[in-house]
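Residue-level listing of the chains:
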Amino acid sequence: MNTTPITVSVATIEEMHLARLVDDFMEVLRASEQDDPGVARLTPNAYPDDDDASAAFASATRADLLDRRLHDARTVRASLQMFDPDAEVTDADARIPRDVVVRRDHVDAWLRTLTAIRLVIATRLGITDDEPDVGGDGQAVYDWLGYRLELLIEAVDESDADALR
Amino acid sequence: MIMSTALPEVEETTDLFAAPLEPWEVVVWNDPVNLMSYVVRVFRTYFGYTTEHATRLMLAVHHDGHAIVATGPRETMEVHAQAMHDYGLWATVRKAA
């Protein structure tokens, strides 16, 4: 089994943003309000044409599904630094890169968490297109997360391929 | 030569093929958020599909709007659907046509 950890170089400012996004995401999960469309997107209707089966599936899976998202998010958060939310960061400090090490057995938690956060953001922004054009900070964050996720997938896929050689 | 191996008693009623299980299927639907590379990776690592097969399924989801990614007993398909939901994919379960 491939146990090589994945190392991701991120700027301090990126790590701070990511930590904040994960914290916010955990808040959304803890609240897990029934009518939150973001949470609904994380717990899709498995039987859109059968209300009874849909309700049975949801009651059997929804809470566990959201618990697992929280567990994944905690795993990701634990690999990131603690940041003082009130700390002033100079531009120079913000650009300092740091290697974040993703343990092999944490890779899925990372991929699922980054994906889940993007899904929630997309729901909030009303993104319905492959190449969204909603603009603003929201889309900047969404695009950046997509870019980071793509890089992580590339690194993991490459590492998988190396292990088979 | 003496056969000392006892044959197991087979009950006449245990006919696994008497009532074939109705097949169900897991359908994954297109969404604008999930990355192509991600969907391929999920199909490859979760179902153990080859990269080629996983890519074909991903492209079917992308171009046709959906693809059947697994077929089998209903309970198993529900487990797969939950796993797809874990990965943020939009999956549904239905009786195979």
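Small disclaimer: the values here were computed from a predicted structure and weren't measured.

A. Summary view of the interface of chain A and chain B. Residue-level contacts link 34 residues of chain A with 24 residues of chain B. When chain A packs against chain B, the two sides together hide about 2,400 Å² of surface, and 53% of this comes from carbon and sulfur. Of all residues in chain A, A:Tyr47, A:Phe57 and A:Asp130 bury the most surface against chain B, accounting for 20% of the area lost on that side. On inspection of chain A and its partner chain B, the count reaches 7 salt bridges. One salt bridge in this structure joins B:Asp86 and A:Arg68, with 3.0 Å as the shortest N-O distance. Inspection of the region where chain A meets chain B yields 13 residue pairs in polar contact (both at pLDDT 80 or more). Those elements giving two or more residues to the side of chain A that touches chain B turn out to be α2 (37-42), α3 (51-79), α5 (107-125) and α6 (136-164) of chain A. Tallied by class, residues from the side of chain A that touches chain B come to 17 nonpolar, 5 polar and 12 charged.

B. Layout of the pattern of salt bridges. Under the counting rule described, the total for this entry stands at 20 salt bridges over all chains. In this structure, the salt-bridge partner of A:Arg124 is A:Asp36, at a minimum N-O distance of 2.9 Å. With A:Arg124 in helix α5 and A:Asp36 in the loop between α1 (12-31) and α2, this pair connects stretches of sequence that are 88 residues apart. For A:Arg124, a relative accessible area of 46% translates into the label partly exposed. A salt bridge links A:Arg69 to A:Asp72, with the nearest nitrogen and oxygen atoms 2.9 Å apart. Residue A:Arg69 and its partner A:Asp72 are located together in helix α3, separated by 3 residues, close to a single helical turn. The class of A:Arg69 is buried, set by a relative accessible area of 3%. Owing to a relative accessible area of 5%, A:Asp72 belongs among the buried residues under this scheme. One continuous salt-bridge network, built from bridges that share partners, spans A:Arg68, A:Arg69, A:Asp72, A:Arg112 and B:Asp86.

About the criteria used
- Residues numbered from 1 in each chain as written.
- Chains lettered and ligands numbered in written order.
- Predicted model: local features only at pLDDT ≥ 70, side-chain atom pairs only at ≥ 80, totals over all residues.
- Heavy atoms only, no water.
- Contact = heavy atoms within 4.5 Å.
- Buried area = accessible area lost by both parts, 1.4 Å probe.
- Salt bridge = Lys/Arg side-chain N within 4 Å of Asp/Glu carboxyl O.
- Polar contact = N/O pair within 3.5 Å; in protein donor to acceptor, adjacent residues only side chain to side chain.
- Helix = DSSP H or I, 4+ residues; strand = E, 2+ residues; numbered from the N terminus.
- Nonpolar A, V, L, I, M, F, W, Y, C, P; charged D, E, K, R; others polar.
- Buried < 20%, exposed > 50% of the residue type's maximum accessible area, 1.4 Å probe, protein only.

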